[in-house]
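As a plain string of letters, each chain reads:
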Amino acid sequence: MNFFRRWLPLIDGYLGLRSRLIGYQYSEISLAMLCNFCCGGDIYVYRAILTNEWDMTEEEVIHFYNQRGAKEKVFDQMDNDFGWHNLPKGLLRENTVFLLLTAMLRNFYRLLLMNDALRAFGVWCTTRMKAFTAKVVTVVARWTRGGRRDILTLYTGNNAYAALYAGYG
């Protein structure tokens, strides 16, 4: 450490000093990183939430920030799964109807995902629409008529369909 401390003025002289408002200089950052590497440690990542809200406690700010992230995830799902990235019309009135209907569809979809019968298909509460469609909706099938009755033949390796369509076979 003492060997490296001799070079701190050289680093600050070359890079210059940081603002007086900041409590550490470039040389101190370099020394911390160098000590971390020499001791075999990792560089720590410090995260911060900047806010001008003075009335909230730290826990309330973190909770609010996490809620915001959850809402952004909902908008990502609406954008990618329910077509909000390609609005169908050019007028705001028609697009508003589309946005409201797809938001209601998302709520019904979330309710559908809570059904325990879908666990056999490999569908969970966090399953996105594309995976749901691939696991449940898209199945190669063929109706055939034999013995004066209709027979549904499913071409899938998932046995969950056998219980679902037992009455048709």
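Residues numbered from 1 in each chain as written. Predicted model: local features only at pLDDT ≥ 70, side-chain atom pairs only at ≥ 80, totals over all residues. Heavy atoms only, no water.

Student: Which residues make up the overall build of the chain, and what values go with them?
Tutor: A tally of helices and strands in the chain yields seven helices and two strands. Going residue by residue from the N terminus, the α and β elements of the chain occur as α-α-α-α-α-α-β-β-α. Within the span of the chain, comprising 169 residues, buried residues form 17% of the whole. Within the chain, counting contacts between residues at least 6 apart in sequence, those at least 24 apart form 25% of the total. Of the accessible surface of the chain, which amounts to about 14000 Å², a share of 60% is contributed by carbon and sulfur atoms. (Helix = DSSP H or I, 4+ residues; strand = E, 2+ residues; numbered from the N terminus. Buried < 20%, exposed > 50% of the residue type's maximum accessible area, 1.4 Å probe, protein only. Contact = heavy atoms within 4.5 Å. Areas by Shrake-Rupley, 256 points an atom, 1.4 Å probe, with all protein chains shown as cover.)

Student: With reference to specific residues and values, describe the side chain of Thr 102.
Tutor: With respect to the element layout, Thr 102 can be found in helix 5 (residues 92-113). Within polar-contact distance, the side chain of Thr 102 engages the side chain of Trp 84 at 2.6 Å. Ignoring any residue separated from it by four or fewer positions in sequence, one finds Thr 102 in contact with Met 78, Phe 82 and Trp 84. (Polar contact = N/O pair within 3.5 Å; in protein donor to acceptor, adjacent residues only side chain to side chain.)

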